[in-house]
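# Secondary and tertiary structure notes
Residues per chain, in single letters:
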Amino acid sequence: MARPVLSEPGLQSEQAPNRRVPMRTGAWAIAGVVSLLWGFRLWGYGTLIPMTAAPSVALSGWGLFLIAMAWSPRALSGRRGRVLLMITVALTVLALALWSYSQVFTVPAYGTDEMAFDQYAAQLLLHGINPYLRSMAPAFSKFQVSPNGYTFQLNGRPVTSLSYPALSFLVYLPFLAAGWSTQLAVALNVAAWAVSLVLLVRYLPQAQRPLAIAVASLSVFISYAVGGVTDALYVPFLILAAVKWDRYGTARGWRMWAGPVAFGCAMDIKQTAWVILPFLLVGLVGEARQTGAAGWARWWPAVRYTAIAGLAFLVPNLPFVVANPIAWLEGIFTPLIAATVPAGQGWISLELFLRVGGSLTAVTVLSFVALAALGIIYAVTYPHLKGWTFFAPSLVLFWATRSFGSYLVMLVPAAWVAWVSMMPGPRRKHLARRAKVTVAVALGAVGTALTVAMTRSSPFTVRITGVHTTGQLATVDAVTVAVKNRTNIPLRPAFSADNGGTLTAFWDRLKGPPVLGAHHTASYTLAAPNFYAQPPLTGGFQIVAFTSRPKTLSHSVAYLPTTWHVAITPDAINHAIPVHTAVTLHAEILNRFDRPVHVGGVPIYLGQIIYAQRGLEYGQARINGGFPGQTPVSTPTNADGQSTFVIRVTSAPSDPIYFEANLVNDTYFYPYGYSQIVPLRFVR
């Protein structure tokens, strides 16, 4: 018989772990780790921005302190815990501000067109110009937006019209009027995210508040705030709208206005919040029904909420509606109706990378079917899915042709607050048979739409048949592709390159028919329109072909320009070398995982150049007995995949000579697989 486990008061054995450790202990430990990470983030900028050094040390020390306190009994409870929480929030906001400043200091260009458009629209309005009537194209150069940050249409043209409701740019006006314009969009994004953190701490249960610090510090959120994703602007409003949303029907006084006004402001910044509205209204009707309301009384809370939120949405937009309603409507509906290129981390990734489907129209239909199906399921099962109310758009947008990560995660703070502030619902009962049938039909509709989207194949077969590179710059600046139209109708292709999930500016068609006939095959020569569109030789890329009528995409298989690269041994010689002294460098072929490739007879090329202060100069070293200054010099590998180069100089240049080895593609003859650069300084 097993012996009973004995314990004394206050002691726990290994067989009887303490299961009464409060949740706040783990939450505070996580907050401490996050504070440490903030210290590590700032540490890397100490040389460039010395003012980050002291906060970096303070945050690291504070993180260690919090972890230690989290494991001390009752150390973080009561008033002491509240004070420590306030200090931690303040330090986190300070860290966010300093880190954001560091990002802007190193890369000041705006990361997306949406951020540039919003600030430019506000600047136009400040001069009395209706931004819905003007092209936003000047914002690209004004805010140094990379062409990879443009939103392109399927025909290759960038979107240049203002694409958001009025509050998205009206929030800039007071600051612009006060004379602040430099990096204003970034500052407002970061400030809005800091406010979101404070609101999370305010409205979450006490035990979960340290977790708010951890969530708000995740790289995905802070990178979006600094990088140009303006979703952070609506998050504070959405959090306020989510607080006790299900009690709106019984709200009185200012509470009757606070939620819908905040929600209207969120809708007035970006269209993502629009998708929440139908779920929210269905939820309000469901709440009224549960209280026994019947007839008009059941619908009144939803009608009142819609009226107040609609008024809050309309007031900032009213001057633009009156000035030109058509231009305003075209602007705010641009993200929904424009034929823009697909992108994102949702379902569309399978079509972009795995050639699953190819009809963008079918994917659009799938997203609308998913929206309708989820709405129906939410309604007929209410309140079973009540906790999904503010997160439902993310579930829908996952299936959209543009399902960016911001659409999938930026609703989490509001959904979290909505969940913890909801009233506990009645005891859940089994669904009625009619509801089960409805759910089954809705899911069947989604399955059907998904099947259609998966089986509508791409109209083109695209195959890369040749590449042209920039040599030592190590990028691809032109490609030749063979394209076959597999459909029964002529199509007009437009081409882009996908590099690491980012679609570049559309490539120029140097050769090939503008319209490809049904079942015809043609060769196209495409050139990158700018440096940003040139894929690096160190990674793979694919060519993507779009058509706008019908809306489709097709792409080639990934092209890997390099599978091998060269390493030089030794990789550094840390002393000056006397003239006439031979230096031996060994070059070895390695695969992608830096494992030696044992292949003989492959020529490795070693080049020399002097990077002088006033420009490039030719080196005068003799490599393997060649002529002085000869570059490059090739030597075939031995059976172990290695080549040996012996270097001598007869006179010492004033600057080091830089040596770099590479391979050459034996089909298209482009250089690739460049080694590290080894400088050698020669002295008399």
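A brief look at the structure comes next. (Residues numbered from 1 in each chain as written. Predicted model: local features only at pLDDT ≥ 70, side-chain atom pairs only at ≥ 80, totals over all residues. Heavy atoms only, no water.)

With that out of the way, let us pick up the packing of aromatic side chains. Going through the model one piece at a time under the given rule, you end up with 30 aromatic pairs. Relative to F320, the ring of Y132 has its centre 5.5 Å away and its plane inclined at 70°; by these criteria the two rings are edge-to-face. Taken together, the residues Y132 in the loop between α4 (113–126) and α5 (138–142) and F320 in helix α14 (residues 296–323) connect sequence positions 188 residues apart. Each member of the pair Y132 and F320 is classed as buried. An aromatic cluster of at least three residues, connected via ring pairs, comprises F117, F140, Y150, F152, F506 and F546. (Phe/Tyr/Trp six-rings, centres within 6.5 Å; stacked < 30°, edge-to-face > 60°. Helix = DSSP H or I, 4+ residues; strand = E, 2+ residues; numbered from the N terminus. Buried < 20%, exposed > 50% of the residue type's maximum accessible area, 1.4 Å probe, protein only.)

Okay, a nonpolar patch on the surface next. A grouping of L48, M51, Y101 and F105 is seen on the molecular surface, where their side chains present a nonpolar patch of about 410 Å² in accessible area. On the secondary structure map, Y101 appears in helix α3 (residues 78–106). With relative accessibility at 39%, the residue Y101 sits in the partly exposed group. (Patch = residues over 30% accessible without salt bridge, like charges linked within 9 Å, V, L, I, M, F, W, Y side chains within 5 Å. Areas by Shrake-Rupley, 256 points an atom, 1.4 Å probe, with all protein chains shown as cover. Salt bridge = Lys/Arg side-chain N within 4 Å of Asp/Glu carboxyl O.)

Within the secondary structure layout, S102 lies in helix α3. A relative accessible area of 0% means that S102 is categorised as buried. In terms of polar contacts, S102 uses its side chain to reach the backbone carbonyl oxygen of L98, at 2.9 Å. Those residues in contact with S102 that lie beyond four places of it in its chain are Y45, I49 and T52. (Polar contact = N/O pair within 3.5 Å; in protein donor to acceptor, adjacent residues only side chain to side chain. Contact = heavy atoms within 4.5 Å.)

Turning next to unusual backbone geometry. Excluding glycine, a negative phi dihedral is what most residues carry, and trans is how most peptide bonds are arranged. A cis amide bond links R549 to the next residue, P550, at an omega of 0°. Following the sequence through the fold, P550 ends up in the loop between β9 (542–548) and β10 (551–555). With an omega dihedral of -5°, the bond running from T569 to P570 counts as a cis peptide bond. Relative to the elements of secondary structure, P570 occurs in the loop between β11 (565–569) and β12 (577–578). In the Ramachandran plot, K244 falls in the positive-phi region, its phi being about 50° despite a non-glycine side chain. As for its position among the elements, K244 is in the loop between α11 (235–242) and α12 (255–267). Even without glycine at this site, H580 takes up a positive phi of about 75°. Along the chain, H580 falls in the loop between β12 and β13 (583–590).

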